[in-house]
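Coordinates in review
Each chain is listed here by its residues.
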Amino acid sequence: IREFAEQNPLSKISTMATFREGARLLSDFYESPSDHVQKICQFNEFEGNASLQNALELACDNFKAIPSYGRREVLIIFSSLTNCDPGDISLTMARLAEYRVQVNVVSLSAGIFVLQNLSQQTSGQFCLAKNKDHLDDIMEKFLVPSEFALAHETLQSSADEDVQMELVESSAMIQVGFPTRQI
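Here is a short report on the structure shown in this document. Quick caveat: nothing in here was measured; it's all calculated off a predicted structure.

Topic: the sheet that holds strand β3 (residues 72-78)
Within the open sheet, the three strands sit side by side as β3-β4-β5. Their pairing is parallel. A single partner strand is all that each edge strand has here, and the edge strands are β3 and β5 (126-128). Pairs of neighbouring strands in the sheet enclose a mean axial angle of 15°, with direction left out of account. Judged from the three bridges that link them, strand β4 (residues 101-107) and β5 form a sheet pairing that is parallel. Looking across to β5, one finds that V105 is bridged to F126. Against the sheet, helix α6 (residues 132-141) engages β3, β4 and β5, with an angle of about 160° to β5.

This is how it looks when you write it as structure tokens:
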């Protein structure tokens, strides 16, 4: 979380947990990286089944405060082999697509179909972590905003100069200065 805040100083992050067939907001967009880490470390309710649908509905409700020009992205780290949803999760997936929410999933246990389908329908990525080192590599990949990473990757691999120029022109970055603190 701290590294994400350093790499993406203009981005906001919120954390949620799903347990006992429900979901709860642990920390909201306005909180500092230290507050996010502290609240995650204090969380200790690991009983009951996960509810992917409740967590996604909570994320959708939480995104209502984000302006329409803002990027809405969810990163799910899922370790359960089971999922207990109150309704039809395909309706929630359609709602996410309508709100232009990209859902990326990192599974720690298995390649669960609903997680793979969710990431595919929302133009996200599905990753299955093989071990701790692989999980670290996956999480590092999500530090860079996905559209910038994709444009950079395409730019590096494209041999066509016209494609390269089009990408450079369409994804030009604006340099932003941040004040420095003297201690």
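From this point, the discussion proceeds with the structure in view.
Thoughts on unusual backbone geometry
Although it is not a glycine, E21 sits at a positive phi angle of roughly 55°. Structurally, E21 can be placed in the loop between β1 (15-19) and β2 (22-27). Here E21 falls in the partly exposed class, since its relative accessible area comes to 36%. A positive phi angle, near 55°, is found at R100, a position not held by glycine. By secondary structure assignment, the location of R100 is in the loop between α4 (89-98) and β4. R100 sits in the exposed class, given a relative accessible area of 54%.

Digging into the packing of helix α3 (residues 52-62) against α4
α4 packs onto α3 with a crossing angle of 25° between their chain directions and a minimal axis gap of 10 Å. Compared by their axis directions, α3 and α4 come out roughly parallel. Between α3 and α4 lies a crossing of left-handed hand. The segment α3 lies against α4, with L52, Q53, L56, E57, C60 and D61 engaging I89, T92, R95 and L96.

Comments concerning α4
Looking at α4, one finds that the buried residues are I89, T92, M93, R95 and L96. Viewed along the axis of α4, the buried residues span an arc of 160°, placing them on a single side of the element. In α4, the exposed positions that point more than 90 degrees away from the buried face belong to L91 and E98.

Side note on the packing of aromatic side chains
Within a pair of aromatic rings, the relevant descriptors are the distance that separates the centres and the angle that separates the planes. Evaluated as defined, the whole model comprises two aromatic pairs. K141 extends its terminal NZ or CZ atom over the ring of F142, reaching a point 5.7 Å from the ring centre.

Definitions and limits used
Residues numbered from 1 in each chain as written. Predicted model: local features only at pLDDT ≥ 70, side-chain atom pairs only at ≥ 80, totals over all residues. Heavy atoms only, no water. Pairing = 2+ DSSP bridges. Helix = DSSP H or I, 4+ residues; strand = E, 2+ residues; numbered from the N terminus. Axes fitted to C-alpha atoms, helices over the stretch in contact; angles between N-to-C directions. Contact = heavy atoms within 4.5 Å. Buried < 20%, exposed > 50% of the residue type's maximum accessible area, 1.4 Å probe, protein only. Parallel < 35°, antiparallel > 145°, perpendicular 65-115°, else oblique. Left-handed = near helix turned anticlockwise from the far one by under 90°. Arc of directions from axis to C-beta. Phe/Tyr/Trp six-rings, centres within 6.5 Å; stacked < 30°, edge-to-face > 60°. Lys NZ or Arg CZ within 6 Å of the ring centre and 35° of its normal.

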